[in-house]
Amino acid sequence: ANYAVTFIFVLEMLLKWVAQQAFAGKGAYMKDNWNKLDFVIVVFAVIEVIVDVVKAIATATGQDLAFSIPTKPFSAFRAFRALRPLRSVRFFSGI
């Protein structure tokens, strides 16, 4: 489930980059603070997925990683995904 949600968030971010331009222009993606938060969340989620895949490949091939990769910080940061729906609150003044 984590991989699917991460994929959806990455896809959404990339589509917004194309639609709003990533960095240049008046309405650029990275000029909005909520989009900056989304970007950081997506980056941490992608790093977590990469770490999980590396660990799974190492386990499947019977290799021992020469280093330990802590995943708790990435998992904890995933909780910030709950902030994403709060963005829509600014559009609904009655809430």
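Residues numbered from 1 in each chain as written. Predicted model: local features only at pLDDT ≥ 70, side-chain atom pairs only at ≥ 80, totals over all residues. Heavy atoms only, no water.

### A few points about the packing of helix α1 (residues 2–20) against helix α2 (residues 33–60)
Running from N to C, α1 and α2 cross one another at 140 degrees; their axes reach a closest spacing of 10 Å. Relative to α2, the element α1 is oriented oblique. Crossing of α1 against α2: the hand is left-handed. Of the residues in α2, those touching α1 at N2, Y3, T6, F9, V10, M13, K16, W17 and Q20 are N35, D38, F39, V42, A45, V46, E48, V49, D52 and V53. (Axes fitted to C-alpha atoms, helices over the stretch in contact; angles between N-to-C directions. Helix = DSSP H or I, 4+ residues; strand = E, 2+ residues; numbered from the N terminus. Parallel < 35°, antiparallel > 145°, perpendicular 65-115°, else oblique. Left-handed = near helix turned anticlockwise from the far one by under 90°. Contact = heavy atoms within 4.5 Å.)

### A look at the nonpolar core
What tends to happen in soluble globular proteins is that the nonpolar side chains get buried as a cluster. In terms of nonpolar packing, the biggest core is built from five residues, these being F9, M13, Y29, M30 and V42. What M30 contacts, discounting residues up to four positions off in sequence, is A22, F23, K36 and F39. (Core = buried A, V, L, I, M, F, W, Y, C linked by side-chain atoms within 4.5 Å. Buried < 20%, exposed > 50% of the residue type's maximum accessible area, 1.4 Å probe, protein only.)

### Description of the packing of aromatic side chains
We describe a pair of aromatic rings using the distance from one ring centre to the other and the angle between the two ring planes. Under the defined criterion, the tally for this structure stands at two aromatic pairs. Judged by centre distance (6.2 Å) and plane angle (70 degrees), the ring pair of W17 and Y29 falls under edge-to-face. Of the two residues, W17 is situated in helix α1 and Y29 in the loop between α1 and α2; the sequence distance between them amounts to 12 residues. What makes Y29 buried here is its relative accessible area of 1%. Each ring, one from W17 and one from F39, has its centre 6.2 Å from the other, and the planes form 25 degrees; the classification is stacked. Of this pair, W17 sits in helix α1 while F39 sits in helix α2; the two residues are 22 residues apart in sequence, bridging distant segments of the chain. Ring-pair connections join several aromatic residues into one group, and the members of that group are W17, Y29 and F39. (Phe/Tyr/Trp six-rings, centres within 6.5 Å; stacked < 30°, edge-to-face > 60°.)

### A word on the pattern of salt bridges
Enumeration over the complete set of coordinates arrives at one salt bridge. Close ionic contact of E12 with K16 constitutes a salt bridge, the shortest N to O distance being 3.8 Å. Linking E12 with K16, this pair stays in helix α1, spanning four residues, or about one helical turn. Exposure remark for E12: the relative accessible area of 27% places this residue in the partly exposed category. (Salt bridge = Lys/Arg side-chain N within 4 Å of Asp/Glu carboxyl O.)

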